[in-house]
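The residues making up each chain are set out below.
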Protein chains: 4
Amino acid sequence: MTSFTTPHLKLTHAGALQLLTAAVAKATAMQQPQCIAIVDDGCNLLAFLRMDGAKVLSEKSALHKAMTAASSRVPTGNTAVDLETRLALATGGQVTNLKGGLPIVVDGHVIGGIGVGSGTGDQDREVANAALAALAALAGARTFE
Amino acid sequence: MTSFTTPHLKLTHAGALQLLTAAVAKATAMQQPQCIAIVDDGCNLLAFLRMDGAKVLSEKSALHKAMTAASSRVPTGNTAVDLETRLALATGGQVTNLKGGLPIVVDGHVIGGIGVGSGTGDQDREVANAALAALAALAGARTFE
Amino acid sequence: MTSFTTPHLKLTHAGALQLLTAAVAKATAMQQPQCIAIVDDGCNLLAFLRMDGAKVLSEKSALHKAMTAASSRVPTGNTAVDLETRLALATGGQVTNLKGGLPIVVDGHVIGGIGVGSGTGDQDREVANAALAALAALAGARTFE
Amino acid sequence: MTSFTTPHLKLTHAGALQLLTAAVAKATAMQQPQCIAIVDDGCNLLAFLRMDGAKVLSEKSALHKAMTAASSRVPTGNTAVDLETRLALATGGQVTNLKGGLPIVVDGHVIGGIGVGSGTGDQDREVANAALAALAALAGARTFE
């Protein structure tokens, strides 16, 4: 029988604040201020914080990293070089291959994405993953090494 | 205990096609071609059809009606006059008070919105509601008189 | 004698739905959910469907593939490397060289374009061509290998 | 003597999170989920949260309320009727006269703005002011009745 609806999970704002708090703690420990964006699985903004000293223009790249990870369901940074510019141009910059975007996965549901920007790509990704690790401890979110 | 995720329903593409088909049938019976847009609860496009003879520029208004209904969770057309222009301007036209947008509600979950445009406001709304009635028969969607 | 009008063919919404249905069938068989966009020869949206599990951000790239194919009258993906970025930038991303866009050609008339996105470029193109094959069987549309 | 720099205060991310937390507490007590945006005095986003059940499309209006209040240094909602549409049009909707935006003022410095949206204008403003009251208790921020 055809199904017209399907069950899904949504990230709550409590969950989003938890991710934000854990990302800030990690970035503070690393002494690298960050912009942190969290979107739902529809790529709409759920939570955002720009830390003291983070780059103003990283707001947009952090957001686009979060959107890309939520949409593609994999970490950003692994797209083939010949594809990434085309995808960025075709989507008005929303799809980015900058490192630092990770999907938020709970119980097999992709419920959003987190994007971090202002440090190096590796620092950004480390902060994003630390946030997921905090959610993993509380709600079983998947992390990425 | 704080909850970091919450269960939700999603509209499937089969459900979206069902809505589209029912809207086309109603618009055909009324001899008023229409643009029909269906968005999910994140206001992202799920399905669209512009019928033969429908207005090209109604694509955008149909989309914005669907987005407004999905976001506000009530039919479009009832906002106070002094508010509607402000809301439209503050959202780049995404929030509209044109008649013809209805939320898609199943089991108490708002899972999206349908927006219809190209006829009069009353015709648009009649077609949107006929689509919901078809989904109601199959999946218990709520209709609006 | 100078002629002030010229006969043309237009794709109907029945034709667009046929393309959509065939694309969904192929994508389902390939187990690769897709975003499918169909535009007329004015590059205006005629029909769209985002399948369950397709990428949200592929809505825009699928649309731009369809627009590019309808406008250029050839499949996307073959523009010279030194041109493609310039064309994308000059058109705000509407012209894309991502694979997966095909012109809809009937009786020598380019009557629109179909764009598919969410899989690999080859998968996207395969689905677009399967849709054209279904229209070819019914209305003599041209396919592309 | 001409002075080439002038001392200024900046809102920290700790202050922004404090505003966010207080706004969430008030909105929860009122049982009206809200979108809450906090910008600095350059109108750049510092912090954002969309609460469970808040309208997706209120993200943009909450942001514009915050920007308008930070820029104009007065609460939104008091612009003369004949001016407000012109201002909105001239700024692409960034200047809004929707209620719910308040400047963040500490020691006579306007250090940003808070914008709240998803409820009625009065509810939005009440939540924004409750957030300022929490900051007033801690850092002497000005409130608006």
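First things first, this report covers the structure right here in the doc. (Residues numbered from 1 in each chain as written. Chains lettered and ligands numbered in written order. Predicted model: local features only at pLDDT ≥ 70, side-chain atom pairs only at ≥ 80, totals over all residues. Heavy atoms only, no water.)

If you walk across this open sheet you meet the eight strands as 4(B)-5(B)-2(B)-3(B)-2(C)-1(C)-4(C)-3(C), and the pairing is antiparallel. Here the strands that pair on one side only, and so sit at the sheet edges, are strand 4 (101-106) of chain B together with strand 3 (101-106) of chain C. Each neighbouring strand pair of the sheet contributes to a mean axis angle of 20°, computed without reference to strand direction. Taken together, the six bridges between strand 3 of chain C and strand 4 (residues 109-117) of chain C define a ladder with antiparallel strand orientation. Each bridged residue has a counterpart across the sheet, and for V106 of chain C the counterpart in strand 4 of chain C is H109 of chain C. (Pairing = 2+ DSSP bridges. Helix = DSSP H or I, 4+ residues; strand = E, 2+ residues; numbered from the N terminus. Axes fitted to C-alpha atoms, helices over the stretch in contact; angles between N-to-C directions.)

In this structure the tally under the stated criterion is zero disulfides over all chains. Here C43 of chain A stays unpaired: no disulfide links it, and the sulfur of C35 of chain C, its closest cysteine neighbor, is 11 Å away. Overall, the relative accessible area of 6% leaves C43 of chain A in the buried class. (Disulfide = S-S within 2.5 Å. Buried < 20%, exposed > 50% of the residue type's maximum accessible area, 1.4 Å probe, protein only.)

For this structure, the chain pair with the highest number of contacts among five pairs of chains in contact is chains A and B. The two units chain C and chain D are non-contacting; their minimal C-alpha-C-alpha distance is 16 Å. (Contact = heavy atoms within 4.5 Å.)

Right, let's talk about the pairing of strand 4 of chain B for a bit. Buried residues dominate strand 4 of chain B, accounting for six of its six residues. Between strand 4 of chain B and strand 5 (residues 109-117) of chain B, which pair antiparallel one after the other, the connecting turn spans two residues, and D107 of chain B there sits at a positive phi close to 50°.

Right, let's talk about the relation of the copies chain B and chain D for a bit. Mapping one chain copy onto the other needs a rotation about an axis and a shift along that axis. For these two chains of identical sequence, chain B goes onto chain D by a turn of 89° and a shift of 0.8 Å along the axis, with RMSD 0.2 Å. Taken together, these values place the two copies in the relation of a four-fold axis. A low fraction, 6%, of the interface residues of chain B reappear at the interface in chain D, so the copies pair through non-equivalent surfaces. (Least-squares fit on C-alpha atoms with pLDDT ≥ 70 in both.)

Time to look at the interface of chain B and chain D. Contact residues are listed per partner, giving 16 residues for chain B and 16 residues for chain D. Taking both partners together, chain B and chain D bury about 1300 Å²; carbon and sulfur atoms supply 65% of that area. It is R86, L89 and A90 of chain B that lose the most area in chain B upon contact with chain D, and together they represent 44% of the buried surface on that side. Between E84 of chain D and R86 of chain B there is a salt bridge, and its shortest N-O distance comes to 2.6 Å. Seen at the junction of chain B and chain D, the total is five residue pairs in polar contact (both at pLDDT 80 or more). If you list the elements that add at least two residues to the side of chain B that touches chain D, you get helix 2 (58-72) and helix 3 (81-90) of chain B. With five residues, helix 3 of chain B is the single largest residue contributor to the side of chain B that touches chain D. Looking at the side of chain B that touches chain D, its residues break down into seven nonpolar, six polar and three charged. (Buried area = accessible area lost by both parts, 1.4 Å probe. Salt bridge = Lys/Arg side-chain N within 4 Å of Asp/Glu carboxyl O. Polar contact = N/O pair within 3.5 Å; in protein donor to acceptor, adjacent residues only side chain to side chain. Nonpolar A, V, L, I, M, F, W, Y, C, P; charged D, E, K, R; others polar.)

A word on the sheet that holds strand 2 (residues 35-40) of chain A. Pairing is antiparallel in the open sheet, where eight strands are placed in the order 4(A)-5(A)-2(A)-3(A)-2(D)-1(D)-4(D)-3(D). Only two strands of the sheet have a single neighbouring strand rather than two, namely strand 4 (101-106) of chain A together with strand 3 (101-106) of chain D. Across the sheet, the axes of successive neighbouring strands diverge by a mean angle of 20°, strand direction being ignored. The strands that helix 4 (residues 121-139) of chain A touches are strand 4 and strand 5 (109-117) of chain A; relative to strand 4 of chain A, the one it contacts most, it runs at about 10°.

Here we take up the relation of the copies chain A and chain B. Take chain A, turn it by 180°, move it 0.0 Å along the axis, and it overlays chain B with an RMSD of 0.0 Å. Such values leave the two copies arranged in the relation of a two-fold axis. Most of the interface of chain A is mirrored in chain B, where 100% of its interface residues again form contacts.

Geometric values such as these leave the question of function open.
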